[in-house]
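# A structural walkthrough
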Amino acid sequence: MSVQNQPSNMNEAKINNFKFEIQGLGVFPFFVTDCNIPSMTIGEAVQPNPLIDRPLPGDKITYGELSVEFIVDEELKNWQEIHDWMTQLAFPESFTQFKEGEVYKDATLFILSNSGNPILEITFIDIFPVSNGDLQFSNAGSADTVLGSASFRFRAYEINRL
């Protein structure tokens, strides 16, 4: 093995070294427990050939969903922030629910080093919620924490090293 091909940083990424923020949401980001970096795919074209078809890279990028899981606060404020955002987007019942210019927000996922310092910033541009998951309550068993989930779509994401 060649010494020149070795990485300068041998530390592994840890699953809990992140911080997630959504512009304009107050309570929601504080309780986030899980977050993903969505998949990214491109289509493909096929160039016909008498012997074997040749695959070619496509020209459009398709992103997967940004999925976030969070602990629900006892007043349901963080769950309600997503609920209210979705309500104003999807055929609200009255004009007072609709807020012009608040369709999209930007979100940022900070990847932290093993020392807790931000080393990577992933900015999701023009996100909007497409799902605010079920909240499950039960009188059976112990008093477990209520967990919520939300999924977002977005236009693109940018990666910046800090």
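Residues numbered from 1 in each chain as written. Predicted model: local features only at pLDDT ≥ 70, side-chain atom pairs only at ≥ 80, totals over all residues. Heavy atoms only, no water.

Once that is clear, we can look at the overall build of the protein. If you tally the helices and strands in the protein, you get 1 helix and 9 strands. Here the C-alpha coordinates of the protein stretch approximately 60 × 45 × 35 Å along the principal axes. Evaluated residue by residue, the protein yields a buried proportion of 28% over its 162 residues. Summarising the internal contacts of the protein: among those between residues at least 6 apart in sequence, 62% fall at separations of at least 24. By element, 52% of the accessible surface of the protein is carried by carbon and sulfur atoms, the whole surface being about 11700 Å². (Helix = DSSP H or I, 4+ residues; strand = E, 2+ residues; numbered from the N terminus. Buried < 20%, exposed > 50% of the residue type's maximum accessible area, 1.4 Å probe, protein only. Contact = heavy atoms within 4.5 Å. Areas by Shrake-Rupley, 256 points an atom, 1.4 Å probe, with all protein chains shown as cover.)

Turning our attention to a nonpolar patch on the surface. Together, Met40, Ile42 and Ile61 line one region of the surface with nonpolar side chains, adding up to about 300 Å² of accessible area. Examined against the element boundaries, Ile61 turns out to sit in strand β4 (residues 54-63). Taking the relative accessible area as the measure of exposure, Ile61 reaches 45% and is therefore partly exposed. (Patch = residues over 30% accessible without salt bridge, like charges linked within 9 Å, V, L, I, M, F, W, Y side chains within 5 Å. Salt bridge = Lys/Arg side-chain N within 4 Å of Asp/Glu carboxyl O.)

To continue, consider the side chain of Lys105. Mapped onto the elements of the fold, Lys105 is located in strand β6 (residues 105-112). Excluding residues within four positions of it along the chain, Lys105 makes contact with Ile22, Gln23, Leu25, Trp85, Phe124, Ile125, Asp126 and Ile127.

For the rest of this paragraph, the subject is the pattern of salt bridges. Across all of its chains, the model carries 4 salt bridges by this definition. Residues Glu21 and Lys19 are paired through a salt bridge, measuring 3.1 Å at the closest nitrogen-oxygen approach.

Glancing now at the packing of aromatic side chains. The final tally for this structure, using the stated rule, is 9 aromatic pairs. Relative to Tyr157, the ring of Tyr63 has its centre 5.2 Å away and its plane inclined at 50 degrees; by these criteria the two rings are tilted. Of this pair, Tyr63 sits in strand β4 while Tyr157 is found in strand β9 (residues 156-161), placing the two residues 94 residues apart along the sequence. Considered together, Tyr63 and Tyr157 belong to a single accessibility category, that of buried residues. For the ring pair Tyr104 and Phe128, a centre distance of 6.0 Å and an interplane angle of 70 degrees mean the geometry is edge-to-face. Taken together, the positions of Tyr104 in the loop between α1 (77-89) and β6 and Phe128 in strand β7 (residues 118-132) put the pair 24 residues apart, joining distant regions of the chain. Members of the aromatic cluster, connected to one another through ring pairs, are Tyr63, Phe124, Phe154 and Tyr157. (Phe/Tyr/Trp six-rings, centres within 6.5 Å; stacked < 30°, edge-to-face > 60°.)

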